[in-house]
Amino acid sequence: MTIPFLTRRLLSVLVLVPSALFAGTSMVRGPYLQTATPTSMIVRWRTDITEGSVVHYGLARDQLTQSAKAEGVTAEHIVQLANLKPATRYFYCPVVGPEKLSTGEDAPTGGPVSSFVTPPVPGPAQPTRFWVLGDPGTKTETQVAVRDVYYKFTGNRATDLWLLLGDNAYPDGTDADYQKAIFEMYPKTLSTSPVWSTLGNHDGHSANSITQSGVYYDIFSLPTRGQAGGVPSGTEAYYSFDYANIHFICLDSHDTDRSPNGTMAQWLKADIAATAREWIVAFFHHPTYTKGTHDSDKEDRLIDMRQVFLPILEAGGVDLVLTGHSHVYERSFLIDGHYGKSETFDAAANVKQKGDGRSDGTGVYHKPRGRVAHVGEVNIVTGSAGHNSPNAVPLNHPAMFISLNEAGSVVVDVDDLKLDFTFLNEKGEKRDWFTIVKQ
């Protein structure tokens, strides 16, 4: 049978048209939450073809009566929900694909319905849980085990926010690396809890902090204007934000000028001096102290963070310093004032309170209330959320109370004047814990 010419032409066109146009739009990434404030939330997601960016949301799953949108059509959707109420649960649904209304016109079809709780108004205390993942993105069974251990541990207790300490997606922080290591690994947490990140050296293979370009900066929407609290930094490389009575400070230890007179150091001085929050938590990739798979005595970035930035943090009354990079777990005593090499660490001078910091041990760590300089902080290396070292490492830094060559992640609970810290290994064992109480 001979196929008419016009039919043959139509068939040839159909072969060339992408099948997605006929199958409908699909969500290939997300949704995920960014730059959470008491009155706003950024919702991001990716679709396989370009379309408009719209989110339906409301106070009940079956009453998504409000809508927010971004202009234009794109496959990389970024929509800000504004004029929200603090400490309030919202249900939301990104639109994916078209549907027909009774008028015959096209309208968006809902994607998955998720929910989040907006942060409380900064200042007053509220029980807060945050999850900390250092160097997670290996795409291995270890990463899965560490994730599942936390999910079992937290149960029905919500994760208010979570931190990525860099090297989020191995080996090179490419878009494909992030898809497997982050977006397909943590979809539940991404859609319900805002994630805050810092740049690691592997992320830096595909990103540049100076130009604010590359995969890392394309993926994350981080505050540059102080919209989530703190002093505006003007860059997504380093920033700060508030949650209840906690002030979080993110620094870029990999790709930004680390000199004492550099912009980041000057911003840090202004930011930490301006905060009135009870707790200060700083996080960045390269550790101040470590004798794990990296050595803080020998590597420039680690030395700079200890010699240049730690004194600023300690003068501002920092309570907790969270880092990754070294694929082990190390936790210091409550310490202050040590900026040299490990052999110069003087326990008599630098340890502000000895002991394990445990209520069921030698006693919790105590600090005075307010922004009191040089009364001690705990330094954490937790770079094993995706792997630990296969080789023997010294793990003998004198600042450390405990050092473990084990995979795992960190859970921090803050309730008014009490901070509880837990390290869970990939087997589900509680391997370290301590408490700081403000008096």
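For the structure itself, consult the block above.
Caption draft 1: Here's a closer look at the sheet that holds strand β9 (residues 195-197). Judged by pairing direction, the sheet is mixed, and its seven strands sit side by side in the order β9-β8-β7-β21-β22-β23-β18 without closing on themselves. Two strands close off the open sheet at either side, each with one partner strand: β9 and β18 (365-367). Taking the axes of each pair of neighbouring strands and ignoring which way they run, one obtains an average angle of 20° across the sheet. Pairing of strand β21 (residues 408-415) with strand β22 (residues 418-425) involves eight bridges; the strand directions are antiparallel. Following the sheet pairing, Asp413 is matched in β22 by Asp420. Across the face of the sheet, helix α3 (residues 141-154) comes into contact with β7 (128-133), β21 and β22 while running at roughly 170° to β7.

Caption draft 2: Layout of helix α8 (residues 300-315). Along its 16 residues, α8 runs 22 Å from first to last C-alpha, staying within 8% of the 22 Å computed at 1.5 Å per residue. Bending of α8 peaks at approximately 40° at the position of Phe309, with proline Pro311 no more than four residues after it. Among the residues making up α8, those that are buried are Leu302, Ile303, Met305, Arg306, Val308, Phe309, Leu310, Ile312, Leu313 and Glu314. Buried-residue contacts for α8 involve β13 (246-250), α7 (263-274), β14 (279-283), β15 (320-323), β16 (329-335) and β19 (377-382).

Caption draft 3: Quick look at the environment of Glu51. Residue position: Glu51 is located in strand β2 (residues 40-58). Glu51 sits in the buried class, given a relative accessible area of 13%. Between the C-alpha atoms of Glu51 and His366, which are 315 residues apart in sequence, the distance is 54 Å. Non-local contacts of Glu51, meaning those with residues more than four positions away in its chain, are made with Thr25, Gly72, Val73, Thr74, His77, Val95, Val96 and Gly97. Separated by 3.1 Å, the side chain of Glu51 and the backbone nitrogen of Gly97 make a polar contact.

Caption draft 4: Region of the structure containing the nonpolar core. In terms of nonpolar packing, the biggest core is built from 109 residues, with Phe130, Leu163, Leu322 and Phe421 touching the most fellow members. Sorting elements by how many residues they give to this core places α8 first, with six residues. The contact partners of Leu322, leaving out residues within four places of it in the chain, are Phe130, Val132, Leu163, Leu165, Val281, Ala282, Phe283, Phe284, Ile380 and Phe421.

Caption draft 5: Quick peek at the packing of α7 against α8. Taken N-terminus to C-terminus, the directions of α7 and α8 make an angle of 10°; their axes are 9 Å apart at the nearest point. Classified by the angle their axes make, α7 and α8 are roughly parallel. Contact with α7, carried on its side by Met264, Ala265, Leu268, Lys269 and Ile272, involves Phe309, Ile312 and Leu313 of α8 and no other residues of that element. A breakdown of the residues in the contact of α7 with α8 according to their chemical character gives seven nonpolar, no polar and one charged.

Caption draft 6: Spotlight on the packing of aromatic side chains. Per the stated rule, a full pass over the model turns up 23 aromatic pairs. For the pair Trp131 and Tyr150, a centre-to-centre distance of 4.2 Å together with 10° between the ring planes defines the contact as stacked. Placement of Trp131 in strand β7 and of Tyr150 in helix α3 is noted, with a sequence separation of 19 residues between them. No difference in accessibility class separates Trp131 from Tyr150, as the two residues are buried. Ring geometry for Trp131 versus Trp162: centroids 5.7 Å apart, planes at 20°, classification stacked. Here Trp131, found in strand β7, pairs with Trp162, found in strand β8 (residues 161-164); they are 31 residues apart in sequence, far enough to count as distant. Taken as a pair, Trp131 and Trp162 share a single burial class, namely buried. Three or more aromatic residues link up through ring pairs in this structure, and these residues are Phe130, Trp196, Tyr239, Phe241 and Phe248.

Basis of the calculations
- Within each chain, residue numbers correspond to sequence positions counted from 1 in written order.
- Local features in a predicted model are, by the rule used here, given only for residues with pLDDT of at least 70; side-chain atom pairs are given and counted only at 80 or more, and totals for whole chains, interfaces and linings are based on all residues.
- Note that water and hydrogens are dropped before the side-chain values are worked out from all heavy atoms of the structure.
- Note: two strands are recorded as paired if DSSP finds a minimum of 2 bridges between them.
- Here a strand is any run of E in DSSP of at least two residues, a helix any run of H or I of at least four, and the numbering for each starts at the N terminus.
- Inter-axis angles, ranging from 0 to 180 degrees, are taken between N-to-C directions of lines fitted to C-alpha atoms, where helices are fitted over the stretch in contact.
- Residues count as neighbours in contact if any of their non-hydrogen atoms are within 4.5 Å of one another.
- Multiply 1.5 Å by the residue count of a helix minus one, and that product is the helix's expected span.
- Bending is quantified residue by residue as the angle between axes fitted to the seven-residue window ending at that residue and the seven-residue window starting at it.
- Partly exposed describes any residue whose relative accessible area lies between the buried limit of under 20% and the exposed limit of over 50%, with all areas from a 1.4 Å probe on protein chains only and scaled to the type maximum.
- What qualifies as a polar contact is a pair of N or O atoms within 3.5 Å, subject to a donor-acceptor requirement within protein and to the restriction that residues adjacent in sequence count only when both atoms come from side chains.
- The term nonpolar core refers to a set of buried residues drawn from Ala, Val, Leu, Ile, Met, Phe, Trp, Tyr and Cys, joined through side-chain atoms within 4.5 Å.
- An angle counts as roughly parallel when it lies under 35 degrees, as roughly antiparallel when it exceeds 145, as roughly perpendicular when it falls between 65 and 115, and as oblique in every other case.
- Three residue categories are used. Nonpolar comprises Ala, Val, Leu, Ile, Met, Phe, Trp, Tyr, Cys and Pro, charged comprises Asp, Glu, Lys and Arg, and polar comprises the others, including Gly.
- Pairs were defined over the aromatic rings of Phe, Tyr and Trp, the Trp ring being its six-membered one, requiring ring centres within 6.5 Å. Orientation was assigned from the angle between planes: stacked under 30 degrees, edge-to-face over 60, tilted for the rest.

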